[in-house]
Amino acid sequence: MAISKSKVWISLLLALALVAAARAAEEAPAVGGDAAAAEAVLTLDADGFDEAVAKHPFMVVEFYAPWCGHCKKLAPEYEKAAQELSKHDPPIVLAKVDANDEKNKPLATKYEIQGFPTLKIFRNQGKNIQEYKGPREAEGIVEYLKKQVGPASKEIKSPEDASNLIDDKKVYIVGIFPEFSGTEFTNFMELAEKLRSDYDFGHTLHANHLPRGDAAVERPLVRLFKPFDELVVDSKDFDVTALEKFIDASSTPKVVTFDKNPDNHPYLLKFFQSSAAKAMLFLNFSTGPFESFKSVYYGAAEEFKDKEIKFLIGDIEASQGAFQYFGLKEDQVPLILVQESDSKKFLKAHVEPDQIVSWLKEYFDGKLSPFRKSEPIPEVNDEPVKVVVADNVHDFVFKSGKNVLVEFYAPWCGHCKKLAPILDEAATTLKSDEDVVIAKMDATANDVPSEFDVQGYPTLYFVTPSGKMLPYEGGRTADEIVDYIKKNKETAGQAVEKADSASADEYGRHGCL
């Protein structure tokens, strides 16, 4: 199974959380022999999976791979949580599936598992399936899942209830109603159920029970409490779609902070999962004129708040994964980067505070040239599988006049490592065929051209001299790859015939132009 690019950011951020969890595990007392022997996590496979889901009204399933480092770090925390949750009334079941096992890969496909570990919550015998978005250490897992099995929204009957439920460090959403019935209440409860894995919800008849915000309100009303920006925001639009948009927009800081503080991790996840354009300012938080940059940047976020763009400020000490992902260098900081939804990027290195707003205006006015991440073009490229980079991939793949099988890979991807010697063998077998080339691109170090839809690693495409592009769907042995290429390749003469045929078709449609 390929590893999804869309999961890369999540993996980077979870790494921070898992490091903290690993340290906590080192400091915690060891699990006793008897407890360790009786594993509380239920091990499932394709044979018994549906039966287990049907048996349990609420179950959490971890899809993992044995070689995955993050999975190994999560395992002891997940097991400790399972032992604690087995004592809950009713018991909360934690299970796991080896998604790397051939037998279980249909399950991974069915539930759209694109990276490891992925945890999913199965409710109501699998009728409602949600992503698990809680902590990755035992105590946090237990606390999060206990909330998930109760009502999606809790009634607030007194100021004491409110103080117990509304955490000053988290987003909390309260519906204030004249009565617990009607369309507005129904829509609120429907959305609470849908978003319960992301947020905590409450409902009340009395706004004066709540710790902040105007107590004299016209009901019904939704009030969102948050630990950043304005601390309270209200909405009276109970259309489900509009209410969801309000919650999404209000529950993320105007400027997300990328540092080592775990309290910021949920906002980072939302930031990088968003389809909006992203502006990112990276600098050293501990040296230089940090406050000057922060003040100007927050002002820019306010100035451009009506644009479809989100803002982040990142400390280079915590942002090494981001620098690797975007192909940035520490000697470029302070720098500002904008990434659009189609992965097009714009970069200003060594930016000064007084340049930020004017540079962003140039971006919005379409006056900036995109930045392309590329490794250097290899001076020597004599291995069986040729190396291509962003700066020469178009010339190498589309203009070489050859049939090119190109692999997009990640150096850390286990499937890619397994495929590498197989591609070498296939390339060696086809070495005497001058019409064929096998190539590879490190998709983590180079921007992938928009012509290729690379959603996971490894992804392979076969491109013919006439420009025909085929997602590779052949086998993964050297013989199967060779057979596929021989079956689908074009000779130089065939490519010319296809080009002439295409020209004739164009003439037939349009006549003389």
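Residues numbered from 1 in each chain as written. Predicted model: local features only at pLDDT ≥ 70, side-chain atom pairs only at ≥ 80, totals over all residues. Heavy atoms only, no water.

On to helix 6 (residues 138-149), then. With twelve residues, helix 6 should cover 16 Å at 1.5 Å per step; its first-to-last C-alpha distance of 17 Å lies within 8% of that length. Within the sequence span of helix 6, burial applies to Ala 138, Gly 140, Ile 141, Val 142, Tyr 144, Leu 145 and Gln 148. Against the buried residues of helix 6 lie strand 3 (58-64), helix 4 (69-85), strand 4 (93-98) and strand 5 (118-123). (Helix = DSSP H or I, 4+ residues; strand = E, 2+ residues; numbered from the N terminus. Expected span 1.5 Å × (residues − 1). Buried < 20%, exposed > 50% of the residue type's maximum accessible area, 1.4 Å probe, protein only. Contact = heavy atoms within 4.5 Å.)

Taken in spatial order, the five strands line up as 2-4-3-5-6 in an open sheet, and their pairing is mixed. The outermost strands of the open sheet, each flanked by one partner alone, are strand 2 (42-44) and strand 6 (128-131). Ignoring strand direction, the axes of neighbouring strands in this sheet form an average angle of 30°. As judged from the six bridges shared by strand 3 and strand 4, these two strands associate in the parallel manner. For Glu 62, the partnering residue across the bridge sits in strand 4 and is Lys 96. (Pairing = 2+ DSSP bridges. Axes fitted to C-alpha atoms, helices over the stretch in contact; angles between N-to-C directions.)

A few words now on helix 8 (residues 183-195). Spanning 13 residues, helix 8 covers 18 Å between terminal C-alpha atoms, matching the ideal 18 Å at 1.5 Å per step. Listed in full, the buried residues belonging to helix 8 are Phe 185, Asn 187, Phe 188, Leu 191, Ala 192 and Leu 195. Burial along helix 8 is one-sided: seen end-on, the buried residues are contained in an arc of 165°. On the buried face of helix 8, the contacting elements are strand 7 (153-155), strand 8 (172-176), strand 9 (200-204), strand 10 (221-225) and helix 9 (240-250). (Arc of directions from axis to C-beta.)

For the rest of this paragraph, the subject is the packing of helix 4 against helix 6. The description of two packed helices rests on the angle between their axes and on the distance between the axes. Running from N to C, helix 4 and helix 6 cross one another at 45°; their axes reach a closest spacing of 8 Å. The orientation of helix 4 relative to helix 6 falls into the category oblique. The way helix 4 lies across helix 6 gives a crossing that is right-handed. Residue-level inspection shows Leu 74, Glu 77, Tyr 78, Lys 80, Ala 81, Glu 84 and Leu 85 of helix 4 in contact with helix 6, the latter providing Ala 138, Ile 141, Val 142, Leu 145 and Lys 146. (Parallel < 35°, antiparallel > 145°, perpendicular 65-115°, else oblique. Left-handed = near helix turned anticlockwise from the far one by under 90°.)

If you look at the biggest cluster of nonpolar residues, it comprises 37 residues, and the most contacted ones within it are Ile 173, Ile 247, Phe 282 and Leu 312. Contributing elements (two or more residues each) for this core: helix 8, strand 10, helix 9, strand 12 (255-258), helix 10 (265-273), strand 13 (277-283), helix 12 (320-326) and strand 15 (335-339). Ranked by the residues each element gives to this core, the list is headed by helix 8, at five residues. Residue assignment places this core across two domains, with domain 2 (151-251) and domain 3 (255-365) each supplying three or more. When neighbours within four sequence positions are excluded, Phe 282 is seen to be in contact with Phe 258, Leu 312, Gly 314, Ile 316, Ser 319, Ala 322, Phe 323, Leu 328, Val 333, Pro 334 and Leu 335. (Core = buried A, V, L, I, M, F, W, Y, C linked by side-chain atoms within 4.5 Å. Domains from an automatic or database assignment.)

Inspection of the secondary structure puts Leu 337 in strand 15. Sequence spacing of Leu 337 and Leu 312 is 25 residues, and the spatial spacing of their C-alpha atoms is 9.8 Å. With residues up to four places along the chain from it excluded, the contact list for Leu 337 reads Lys 278, Ala 279, Met 280, Phe 326, Leu 328, Lys 345, Phe 346, Leu 347 and Phe 371.

It is worth spelling out the pairing of strand 9 at this point. Strand 9 sits mainly inside the fold: four of its five residues count as buried. Pairing between strand 7 and strand 9: three bridges, direction parallel. Looking across to strand 9, one finds that Ser 153 is bridged to Phe 201. Note: strand 8 against strand 9, five bridges, orientation parallel. In the strand pairing of strand 9, Ile 176 is matched with Thr 204. Regarding topology, helix 8 serves as the crossover connection from strand 8 to the parallel strand 9, and that connection is right-handed. (Right-handed = clockwise from strand over helix to strand, strands pointing away.)

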